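Fold and geometry: a report
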Amino acid sequence: MTRHFLNLADAGAEALKAILDDAIARKAVRKGLPKGQADADAPLAGRVLAMVFEKNSTRTRVSFDIAMRQLGGSAVILEAGTTQLGRGETIADTARVLSRMADAIMLRTDDHAKVEELARHATVPVINGLTDLSHPCQIVADLETVIEHGKPLAGLEWAWLGDGNNVLNSIVEAAGLCRFNVRIGVPEGYDSDPGFIARARAAGANVTVVRDPVAAVAGADVVVTDTWVSMGQAHAEEKLAAMAPYQVNPALMAKARADALFLHCLPAHRGEEVTDAVIDGPASVVWDEAENRIHAQKAILRWAFGQV
Ligand code: CP
Ligand code: NVA
């Protein structure tokens, strides 16, 4: 069976834990090496990852490229607009061709159905590099960061502030798999996917929607936010106004636990969803979180290739 990573559930709870262990262990072993130097065991030597971007990216493209180099392989980056996909070649045919030329495919796109379609027709692993529905690779890096900062996941209280978006859906999914709780501080009308919430609850996570931002963040171990306007969404004044009370600023952060961590997948819109004082402050672990994209991608890739 080809292993696709379209959502965290494709791996499941046990494999997700193994992926996190692998990411943390391999990061420690190669500490201090130049970033482009391969790991001593080069477990993906000779393998090629094809990455297709239908949306912008800094972290995802660089981290997957560097991840493949560190694993001994290489990556090819395709901007969809300059490929035949951008001129109407079907996703199915693109999947067939890339499966003959590369050993795995990553896609960043809008409609989640596109990554599912790609996976249906590919004979090599397909990885979701972000869709409008979810961003599972990001959340592996987030989980790694929280663990590394001394907080084992089970039983933690996470607080989300702002828009009910793709990143939140994957956090909620992780809550079910890793058994932590999420208080979702999202204004009415901007809720996240109810299916992810229902599945996390069924798995035993306490996931609650809290309209009051102070109640959402009260006593939280982890405080997370993201842009109020995701890629492909309209920059509506009405939405920004609804989001304003959910800005993570020092006053709101002070309601969380004294040792709470602040996460943001980046890019940040300083002065909108988060202020400088928080993202540059003592609770912020966003640069570790960004670096961990590399270590997380490596473990996800190794899982996709059956090595984890
Ligand atoms: N967090 C994240 O996915 O960043 P990029 O959009 O830069 O890839
Ligand atoms: N929610 C954001 C995440 C960017 C990494 C977006 O989809 O634009």
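Residues numbered from 1 in each chain as written. Chains lettered and ligands numbered in written order. Predicted model: local features only at pLDDT ≥ 70, side-chain atom pairs only at ≥ 80, totals over all residues. Heavy atoms only, no water.

**With respect to the pattern of salt bridges**
As enumerated under the stated definition, the model contains 22 salt bridges in all. Here Asp39 makes a salt bridge to Lys298, at a shortest N to O gap of 2.9 Å. In this pair, Asp39 sits in the loop between α1 (13-29) and β1 (48-53) while Lys298 sits in helix α12 (residues 286-304), placing the two residues 259 residues apart along the sequence. Of the charged contacts in the structure, one is a salt bridge between Arg257 and Asp221, with a shortest N-O distance of 3.4 Å. Remark: Asp221 occurs in the loop between α8 (213-217) and β8 (222-225) and Arg257 occurs in the loop between α10 (250-253) and β9 (261-264); sequence separation between them is 36 residues. Judged by its relative accessible area of 42%, Arg257 falls in the partly exposed class. Several salt bridges share partner residues, and in doing so they unite Arg26, Arg30, Asp39, Asp41 and Lys298 into one network. (Salt bridge = Lys/Arg side-chain N within 4 Å of Asp/Glu carboxyl O. Helix = DSSP H or I, 4+ residues; strand = E, 2+ residues; numbered from the N terminus. Buried < 20%, exposed > 50% of the residue type's maximum accessible area, 1.4 Å probe, protein only.)

**Here we look at the sheet that holds strand β2 (residues 74-79)**
Strand order in this open sheet of 4 strands is β2-β1-β3-β4, and the pairing throughout is parallel. With one partner strand each, in any of the chains shown, β2 and β4 (126-128) form the two edges of the open sheet. When strand polarity is set aside, the average angle formed by the axes of neighbouring strands in this sheet is 20°. Direction of pairing for β1 relative to β2: parallel, over a ladder of 6 bridges. When the bridges of β2 are listed, Leu49 appears paired with Ala75. Across the sheet, helix α4 (residues 112-121) lies against β3 (104-108) and β4, angled at about 170° from β4, the strand it touches most. (Pairing = 2+ DSSP bridges. Axes fitted to C-alpha atoms, helices over the stretch in contact; angles between N-to-C directions. Contact = heavy atoms within 4.5 Å.)

**Focus: the nonpolar core**
Core analysis: the biggest nonpolar cluster contains 63 residues, and Phe5, Leu143, Trp158 and Phe180 have the highest contact counts within it. The element that contributes the greatest number of residues to this core is helix α6 (residues 166-178), accounting for 7 residues. Phe5 has contacts with Asp10, Ala11, Ile19, Val126, Ile127, Asn128, Pro136, Cys137, Val140, Ile300 and Trp303, leaving out every residue within four places of it along the chain. Ranked by size, the runner-up nonpolar core spans 20 residues in total, among them Leu161, Tyr246, Val274 and Ile279. (Core = buried A, V, L, I, M, F, W, Y, C linked by side-chain atoms within 4.5 Å.)

**Considering the packing of helix α3 (residues 91-101) against α4**
In contact at an axis separation of 8 Å, α3 and α4 are set at 45° when each is read in the N-to-C sense. With respect to α4, the axis of α3 lies oblique. Note on packing geometry: the crossing formed by α3 with α4 is right-handed. Together, Ile91, Ala92, Ala95 and Arg96 of α3 and Lys114, Glu117, Leu118 and His121 of α4 make up the contact between the two elements. (Parallel < 35°, antiparallel > 145°, perpendicular 65-115°, else oblique. Left-handed = near helix turned anticlockwise from the far one by under 90°.)

**Section: the site of ligand 2**
In the neighbourhood of ligand 2, the contacting residues comprise Leu130, Asn165, Asn166, Asp226, Thr227, Ser230, Met231 and Leu266. In the environment of ligand 2, a nitrogen atom lies 2.7 Å from a nitrogen or oxygen atom belonging to the side chain of Ser230. When isolated, ligand 2 has an accessible area of 270 Å², and the protein chains bury 94% of it. In terms of residue class, the shell around ligand 2 is made up of 3 nonpolar, 4 polar and 1 charged. (Near = heavy atom within 4 Å. Polar contact = N/O pair within 3.5 Å; in protein donor to acceptor, adjacent residues only side chain to side chain. Areas by Shrake-Rupley, 256 points an atom, 1.4 Å probe, with all protein chains shown as cover. Nonpolar A, V, L, I, M, F, W, Y, C, P; charged D, E, K, R; others polar.)

These figures come from the coordinates and say nothing about function on their own.
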